[in-house]
Amino acid sequence: MSSLTSERIAAAVDRAVRDGFAGVVRVDVDHSIVHASAHGLADRAHAIANTVDTRYAGASALKGCTALVVMGLVQRGLLTLDTKVVSIIAEATSFVDPAVTVRHLLSHRSGIGEYCVEIDAGRVPDADATEPGPAPCSLDRPSAILTVMAGVAARAEPGAEFHYNNAGYVVLALLAERVTGTPFVELVERRVLAPAGMVNSGILSYDELSGDVAIGYRERTGLRTNVHAVPNRGLGDGGLFSTAADMVLFWQALAAGAIVDTEVVEMMTTPHGRTPRGTPYGLGFWLDPTTDAVTLEGYDIGISFRGVHRPSTATTWTVVSNWTDGAWPLADELLLLT
């Protein structure tokens, strides 16, 4: 299990807690829990502490689930990777090139524009800023992308280059709805969460969160939440809520072929594109350039989430926090230990 021992994990967590880490950490090796701990507050206003069973927002971690829903449709013969997007969503022709395929969207190589400021471009969006289009909190279904993106210019030719793209995953969610006639949220529940046994996970609405969900905060301290800064409910590109324990079940189910066939999983975890820095990306998953580690990551206002599975060492770990930059120092240190 490399250098990821319980002592090293505990030392890394202790350092993070001293620096103000609030969230949950869990590490499993060979189906055994090596470390599981919770720190800080899930609800600052009411002084409710985090527990290892607290449900956390995962933001773009949902992209892996969206990709699995779509690849399940490919496996069932309802789509192909070469299906042209506008052949199913004709209304998308104002912002989707006719040559864009399902494969292009899954691998962030579609070249279509963006509907929100990209965090990975270097700036966390300011919910108070005046920007065109509806407020993020007003968005609650994939079809909203048709209005938000109408007429937005492409930024590259289809297949030409990798650009991390949130809008493309909302289009994928809408595509899945059109092909099946089933709401996207229900598709994720049926096709991903249920087969994995993830009973404590879901795509929740921010305006009706239950008491076991950590509230997302904009800063390390203070009471200002992210409720007006993110879509009210997941659109396909983000919005998953889960526990650290459920994320272990996710990786186990993925490896066992319980969600899609293992041959499909292998395809999804093979590089289909690379960032300008050379980080490989599969279909819905980040890949490590030097190991076989597979990653789901989510970053938004009030949300920081990283879940990693490395098959060769049977290691799975999750670090989640309920403020924007809370998880990253600890998550980066664990990554070095693996």
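Our subject is the structure listed above.
Think of each chain on its own: its residues are numbered from 1, step by step along the sequence as written. Only residues with pLDDT of at least 70 get local features here, since the model is predicted, and only at 80 or more are side-chain atom pairs given and counted; chain-wide, interface and lining totals rely on the full set of residues. Remark: hydrogens and water are excluded; side-chain values derive from all non-hydrogen atoms of the structure.

Q: Where do I start with the packing of helix 6 (residues 184-196) against helix 7 (residues 244-256) in this structure?
A: Pairs of packed helices are described in terms of their axes, by the angle between the two and the distance that separates them. For the pair helix 6 and helix 7, the least separation of the axes is 8 Å and the interaxial angle reads 100 degrees. The angle between helix 6 and helix 7 places the two elements in the roughly perpendicular class. Contacts from Val192, Pro195 and Ala196 in helix 6 reach Leu249, Phe250 and Ala253 in helix 7. Helix axes are fitted only over the stretch in contact, all axes being lines through C-alpha atoms; the angle between N-to-C directions runs from 0 to 180 degrees. Runs of H or I in DSSP of at least four residues are treated as helices and runs of E of at least two as strands, each being numbered from the N terminus. Angular relationships are summarised with four words: roughly parallel below 35 degrees, roughly antiparallel beyond 145, roughly perpendicular across 65 to 115, and oblique for the angles in between. Contacts were defined at the residue level, with two residues in contact if any of their heavy atoms lie within 4.5 Å.

Q: Quick question: what am I supposed to make of the pairing of strand 1 (residues 23-29) here?
A: When a strand is regular, its side chains alternate between the sheet's two faces. The buried fraction of strand 1 amounts to seven of the seven residues, a majority that puts the element mostly inside the structure. On strand 1, burial covers both faces: Gly23, Val25, Val27 and Val29 on one face and Val24, Arg26 and Asp28 on the other are all buried. Across seven bridges, strand 1 lies against strand 2 (residues 32-39) in antiparallel orientation. Looking across to strand 2, one finds that Val27 is bridged to His35. Two strands are said to pair when DSSP picks up at least two bridges between them. Turn length for the strand 1-strand 2 hairpin, with the two strands adjacent in sequence and antiparallel, is two residues, and the turn residue Asp30 shows positive phi of about 55 degrees. Both strand 1 and strand 13 (residues 315-321) contribute to a ladder of seven bridges, which runs antiparallel. Bridge pairing links Val24 to Val320 in strand 13. Partly exposed residues are those whose accessible area sits between 20% and 50% of the maximum for their type, while under 20% is buried and over 50% is exposed, using a 1.4 Å probe and protein chains only.

Q: Sorry if this is basic, but what is going on with the nonpolar core here?
A: Side chains of nonpolar character tend, in soluble globular proteins, to be buried together. Definition used in this section: a nonpolar core is a set of buried Ala, Val, Leu, Ile, Met, Phe, Trp, Tyr and Cys residues joined via side-chain atoms within 4.5 Å. In terms of nonpolar packing, the biggest core is built from 75 residues, with Leu106, Phe250 and Phe285 touching the most fellow members. Among the elements that make up this core, the one with the highest residue count is helix 5 (residues 166-180) (nine residues). If you look at the next biggest cluster of nonpolar residues, it comprises 17 residues, including Phe21, Ala293, Trp317 and Leu337.

Q: In this structure, what is going on with the packing of aromatic side chains? I would like to understand it.
A: For any two aromatic rings, the description comes down to two numbers: the centre-to-centre distance and the angle of the planes. Any pair of Phe, Tyr and Trp rings, taking the six-membered ring for Trp, is counted once the centres come within 6.5 Å. Such a pair is stacked with planes under 30 degrees apart, edge-to-face with planes over 60 apart, and tilted for the rest. Per the stated rule, a full pass over the model turns up nine aromatic pairs. Between Trp251 and Phe285, the ring centres sit 6.1 Å apart and the planes meet at 50 degrees, which makes this aromatic pair tilted. Remark: Phe285 occurs in the loop between strand 9 (280-281) and strand 10 (286-287) and Trp251 occurs in helix 7; sequence separation between them is 34 residues. Judged by relative accessible area, which is 1%, Trp251 ranks as buried. A residue is classified by how much of its surface remains accessible, and Phe285, at 1% relative accessible area, is buried. Ring centres 4.8 Å apart and planes at 85 degrees place the aromatic pair Tyr281 and Trp286 in the edge-to-face group. A cation over an aromatic ring shows up here: Arg44 above the ring of Tyr217, its NZ or CZ 4.1 Å from the ring centre. Just above the ring of Tyr169 sits the side chain of Lys63; from NZ or CZ to the centre is 6.0 Å. Lysine and arginine charges are scored as sitting over a ring when NZ or CZ, respectively, is within 6 Å of the ring centre and within 35 degrees of the ring normal.

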